[in-house]
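Secondary and tertiary structure notes
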Amino acid sequence: MASAEPARDWGAKRSVRGTRVLGRVVTYAILLFWAFICLFPLYWTVSTSFKNQIAIYRGPSYLPWVDFTPVKLGWNAILQGDMRSEFLHDAANSLIIAIVSAGLATALGALAGYGLARFTYKLGPWRNRDISFWFVSQLILPPAAVVLPILILYRDLHLLDTRIGLILLYTVVNLPIVVWIMRDQFNSIPIEMEQAALVDGAGLFGAFLRIVVPIALPGMVAAYILCAIFSWNEYFFAAVLTSYRAVTIPFLIAGQVSSQGVQWWSMAALSTAAVVPLAIIGIVLERYIVKGLTAGSVK
Amino acid sequence: MARGSVVVDETAAEAALARPKPRRSVINPRWQRRLFLLPAVIIVLAVVIFPTVFGIYVSFTQWILSGSQNARKFIGVQNFSNILFHDSQFWHALEVNFIFVVIGVPLQYVIALILAVLVNQDIRGRKFFRVVFLLPFMMSPVAVGWMIGRSIFDSRWGPLPHFLTDIGIKNFYFFDTGPHSLFALILIDAWYSIPFIFVLLLAGLQAMPHEVFEAARIDGASAWQSFRDMTFPLLLPVSLTAIILRTIFEFKLIDIIIVVTGGGPGNYTETLTAYIYRRGVQGLDVGYSTAMAELFLVIIIAFVFLILIGAGRWVRDVT
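Residues numbered from 1 in each chain as written. Chains lettered and ligands numbered in written order. Predicted model: local features only at pLDDT ≥ 70, side-chain atom pairs only at ≥ 80, totals over all residues.

The next point concerns the overall build of chain A. Scanning chain A from N- to C-terminus turns up 13 helices and two strands. For 299 residues, the compact-globule estimate of 2.2 N^0.38 gives 19 Å, and the C-alpha radius of gyration of chain A, at 26 Å, exceeds that figure by more than 25%. Along the longest, intermediate and shortest principal axes, the C-alpha atoms of chain A span 80 × 70 × 35 Å. Looking at the 299 residues of chain A, the share that counts as buried comes to 46%. Put simply, of all contacts in chain A between residues at least 6 apart along the chain, 75% involve residues at least 24 apart. (Helix = DSSP H or I, 4+ residues; strand = E, 2+ residues; numbered from the N terminus. Rg over C-alpha atoms; globule rule 2.2 N^0.38 Å. Buried ≥ 20, exposed ≤ 12 C-beta atoms within 10 Å, placed from the backbone. Contact = placed C-beta atoms within 7 Å.)

Moving on: the confidence of the model for chain B. All names here are of chain B. A residue-level look at chain B finds 90% of positions with pLDDT of 70 or above and a mean pLDDT of 86. Mean pLDDT values for the elements of chain B range from 49 in helix α1 (residues 2–18) up to 95 in helix α4 (residues 88–119). pLDDT under 50 marks residues 1–9. Its contacts with residues more than four places away, or in other chains, come to zero contacts. Two summary scores accompany this predicted model of the complex, namely pTM at 0.87 and ipTM at 0.88. (pLDDT = per-residue confidence, 0-100.)

In this model, G264 of chain B is joined to P265 of chain B through a cis peptide bond whose omega is 0°. Following the sequence through the fold, P265 of chain B ends up in the loop between α11 (255–260) and α12 (272–282). For H158 of chain A, which is not glycine, the phi torsion reads 60° and is therefore positive. Within the secondary structure, H158 of chain A is located in the loop between α6 (143–157) and α7 (163–187). With 9 C-beta atoms packed within 10 Å, H158 of chain A lands in the exposed category.

Once that is clear, we can look at the interface of chain B and chain A. Contact with chain B, which involves 76 residues of that partner, is made by 75 residues of chain A. Residues of the side of chain B that touches chain A, tallied by class, amount to 55 nonpolar, 15 polar and six charged. (Nonpolar A, V, L, I, M, F, W, Y, C, P; charged D, E, K, R; others polar.)

Its 29 residues give helix α10 (residues 223–251) of chain B an end-to-end C-alpha distance of only 36 Å, which falls more than 12% under 42 Å, the value for a rise of 1.5 Å per residue. Maximal helix bending in α10 of chain B amounts to about 55°, located at L236 of chain B; proline P237 of chain B follows within four positions. (Expected span 1.5 Å × (residues − 1). Bend = angle between axes of the 7 residues up to and from the residue.)

Take the nonpolar core next. Within the largest apolar cluster, 175 residues are counted, with the highest numbers of intra-cluster contacts made by V178, M182, A223 and I253 of chain A together with F198, L201 and M292 of chain B. Apart from the residues within four sequence positions on either side, I253 of chain A is in contact with M267, L270, S271 and A274 of chain A together with S140, V142, A143 and W146 of chain B. (Core = buried A, V, L, I, M, F, W, Y, C linked by C-beta atoms within 7 Å.)

Residue and element names in this part refer to chain B. Residue position: W224 is located in helix α10. Judged by the 8 C-beta atoms lying within 10 Å of it, W224 falls in the exposed class. Taking C-alpha positions, W224 is 38 Å from I254, a pair spaced 30 residues apart along the chain.

This next bit is on the domain arrangement of chain B. Residues and elements named next belong to chain B. By the assigned domains, chain B splits into domain 1 (21–74) and domain 2 (78–318). The centre of domain 1, based on its C-alpha atoms, is set 32 Å off from the matching centre of domain 2. In this assembly, eleven residues from domain 1 lie in contact with nine residues from domain 2. Here the residues of the side of domain 1 that touches domain 2 are counted per class, giving six nonpolar, five polar and no charged. (Domains from an automatic or database assignment.)

This paragraph deals with the domain arrangement of chain A. Residues and elements named next belong to chain A. Domain parsing of chain A yields domain 1 (10–73) and domain 2 (75–293). Here the C-alpha centre of domain 2 lies 33 Å away from the C-alpha centre of domain 1. Tallying the contact residues gives ten residues for domain 1 and ten residues for domain 2. Top element by residues in the side of domain 1 that touches domain 2 is helix α1 (residues 10–48). It accounts for four residues. Grouping the amino acids of the side of domain 1 that touches domain 2 by side-chain chemistry returns four nonpolar, four polar and two charged.

What follows concerns the packing of helix α9 (residues 204–233) of chain A against helix α13 (residues 286–293) of chain A. All names here are of chain A. Remark: α9 packs on α13, axes separated minimally by 8 Å, with the N-to-C direction vectors making an angle of 90°. It follows that α9 is roughly perpendicular to α13 by the angle criterion. Residues P218, G219, V221, A222, A223, I225 and L226 of α9 pack against Y288, I289, K291 and G292 of α13. Of the residues belonging to the contact of α9 with α13, the class tally is eight nonpolar, two polar and one charged. (Axes fitted to C-alpha atoms, helices over the stretch in contact; angles between N-to-C directions. Parallel < 35°, antiparallel > 145°, perpendicular 65-115°, else oblique.)

As structure tokens, this is what we get:
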């Protein structure tokens, strides 16, 4: 028996274990390094929101009470100063636009995804696969290619600088993602349950709403979160299509530049206010975000 | 006789109840099915397709939005010939886009791959790393551009240049020359974009069967060998999806550039989107800019198509 087994080289095994320990140290070093890279800008943003002009322009300062004296300059500016109403107005815009456009995109995208997964459509030479591809390929559309025609269209329709205008646009921009995620989701749900519901007399929509949606809810939540993140952080279309009524937070952040220079404290405060809700969502709902991002790519 | 007719009626009623009553809906079933798809299709047609088609028409016109008179003149392919043959900035901007795609995306992929492989090990605090590594993606690109690009990278009071000086790299300024600015932008964009690839690759790694790797390890394969010959090939489909999606999004890069360099210095870091924005939204030359946008769209589609075919073939040969 012993002769049949390959000879074990215990010396090699020990060095392998040594390599393993070294490997672990290196692994943690790299991971902690990248964690620092991820977190430092966020920390920098938060700490800058508590700095005054001297602390900012004198040179980089890192630790409150050690390098600089934390003040409420930035936060006062946006919460109490004359910017307060603007901040609250824009935050409300961002919130409404994100919630509604994500909801619309999720609803319409789920319906479309369900239809494409269950029914057979025919539009001339185009079948389900082509229609799905058409939806998802909207992702490739560069904003540059649509921003000018949409600018003109919105101007003629009086949709410029309106919340509805941005909501509609974001809904459409988010639809490909939702259709991608939901079609994948619905394809993996066995059809028997809906068939049973149909036999029992439910309509197509009833079966969808009462049987399928509860099962597909995680995917819908994931899609909703991704859409909301996008809408909340979007800048380009918001900058082009709004002026002062439907302005969102990213636009306000970019606007913290006055003739006296950049108002870093209020900009940092705004950036912090913008990222904190998403960071909390990212921490608490990380599983859903991952589910949404990996839909269709990984089984 | 009356009793007899009642009996007949009851029997008929019983029979009717025994038969499952089809819900007669107001809408014909075929239209019900269409109604699932229609709202999404309609809104996409209205908000995106229709303007895009209109844009195609506009690209054949000379149209400058100034004043009250929007004189639109049909000039055929003149816009396109001007762009392709007389506009060096168009080609430069396109080149900038491709630099971001050809240099930025592989850089992001490699870093994300290293991180994903490391996090996939049996380490402590995995959940911590997964959450922390996702956080950059949560920040608005505008905030990323300002707080990182113009604050952390600032040569006068930003932490990064001071740190570089401390470790011996003196006199390196991020935004003095064009190439330096591009380099800074690629780094900033990578910070924001790596989480996306990381999440996909990590999910792909976690979906792999363990037994195969155990067998390989017992047989004496080194970590590098098992990665090169097994992990990486098995990860290729996910890698490909991640790279293609990242490439598509990389072409759309705009917020960070506008905020950090504004396309400068001297339009050096101006991507095509930024150039279109400058000519079309700021300069109001809508006809010309829309023509550039249409060309851009065609180029992107062609490029993505090439990657899909070429890489798909390569993946099939390797796996």
